[in-house]
Structure formats: C-alpha cells, structure tokens
Amino acid sequence: MKKRDKIPTDLTYYSIAGTQLYTDDGIVPLGSVDAGKYVYEGHIKHYTLITLTGSKAQHSDMIANNQFINIFHQYIVGNGINGSVPTKPIKKGPDEE
C-alpha cells in the first residue's frame, strides 16, 4: 500500500484465484488473493477478481483447467485495447473440441 502511487492508473488487472475448499488452492489462501482489491480497486482503470472452483482449481493445476483457459483467452489474449471484453465468442481451431 505504501507504494500504491507507483502503480499506473491506466492498468487493467485480472486476479484469478483457484479453490477447491473456498479457502485456498493448497498454496495461496483465498483471502490473500482477495486482499489485492485493497491495492488495486479505486486506483487502477480496471480490477477484476475471478474465483475458480472445482477440479483442477489448485494453484499448479489451473493451467490445465478449462475455465481458466477460457478466461485467459477471453480476457487476456482476446482483450484488445483498454480492458474491453470481446463481444464475440472465441472461435476454436479445427483440432480443438
């Protein structure tokens, strides 16, 4: 919080937490991820906290979690400019389900 003023105000930040027990993902406590709002909310342009639950929601498994992959592609890869959410669904390639 002391150096919050050094964070660019035009920043878009996505915090994605994973949990199987609604408390933590086995590595990072959910409350720790949630605390980011005190740093970013009201200071940067866009702050979004997303919580994934269920199978493959543990810290090291999230990269194989279909929800995480979809969120990553929708908000990060397909983001475009200025934190806008894509208006069209992401098209899958010919060798994807």
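Residues numbered from 1 in each chain as written. Predicted model: local features only at pLDDT ≥ 70, side-chain atom pairs only at ≥ 80, totals over all residues. Heavy atoms only, no water.

Considering the side chain of H43
Rules: Helix and strand labels come from DSSP, where a helix needs a run of H or I of at least four residues and a strand needs a run of E of at least two; each type is numbered from the N terminus. Relative accessibility thresholds used throughout: buried, under 20% of the residue-type maximum; exposed, over 50%; partly exposed, between the two (1.4 Å probe, protein chains only). Contacts were defined at the residue level, with two residues in contact if any of their heavy atoms lie within 4.5 Å.
By the secondary structure assignment, H43 is in the loop between α2 (36-40) and β2 (46-53). On the accessibility criterion, H43 (18% relative accessible area) is buried. With near-sequence residues (within four places) excluded, H43 lies in contact with R4, D5, I7 and T9.

As for the packing of aromatic side chains
The line we're drawing: Centres within 6.5 Å are what make two rings of Phe, Tyr or Trp a pair, Trp counting through its six-membered ring; a difference in plane orientation under 30 degrees is then read as stacked, over 60 as edge-to-face, and the rest as tilted.
Tallied over the entire structure, the rule returns five aromatic pairs. Measuring from ring centre to ring centre gives 4.1 Å for Y13 and Y40, while their planes differ by 15°; the resulting arrangement is stacked. A residue pair is termed long-range when its members are at least 10 positions apart, and Y13 in strand β1 (residues 12-19) and Y40 in helix α2 qualify at 27 residues. Judged by its relative accessible area of 17%, Y40 is buried. Aromatic side chains Y14 and Y75 sit 5.4 Å apart centroid to centroid with 50° between the ring planes, which places their arrangement in the tilted category. Placement of the pair is Y14 in strand β1 and Y75 in helix α3 (residues 66-77), with a sequence separation of 61 residues. Judged by its relative accessible area of 17%, Y14 is buried. Three or more aromatic residues joined by ring pairs make a cluster, and in this case those are Y13, Y40 and Y47.

What about the environment of F68?
Locating F68 in the fold gives a position in helix α3. For the pair F68 and L52, spaced 16 residues apart in sequence, the C-alpha to C-alpha distance is 7.4 Å.

Some words on the confidence of the model for the chain
As a reminder of what qualifies: Confidence of the predictor at the level of single residues is captured by pLDDT, which takes values from 0 to 100.
Summarising the model, the chain shows a mean pLDDT of 77, and 74% of its residues fall at 70 or more. No element of the chain has a lower mean pLDDT than helix α1 (residues 30-34), which averages 83, and none a higher one than α2, which averages 90. Within the model, pLDDT remains below 50 along residues 80-90, and this stretch shows 14 contacts once partners closer than five positions in the same chain are excluded.

A look at the pattern of salt bridges
Threshold: Should a side-chain nitrogen of Lys or Arg be within 4 Å of a carboxyl oxygen of Asp or Glu, the pair is scored as a salt bridge.
Tallied over the full model, the rule gives one salt bridge. For D34, the salt bridge goes to K37, with nearest N and O atoms at 3.1 Å. On the accessibility criterion, K37 (23% relative accessible area) is partly exposed.

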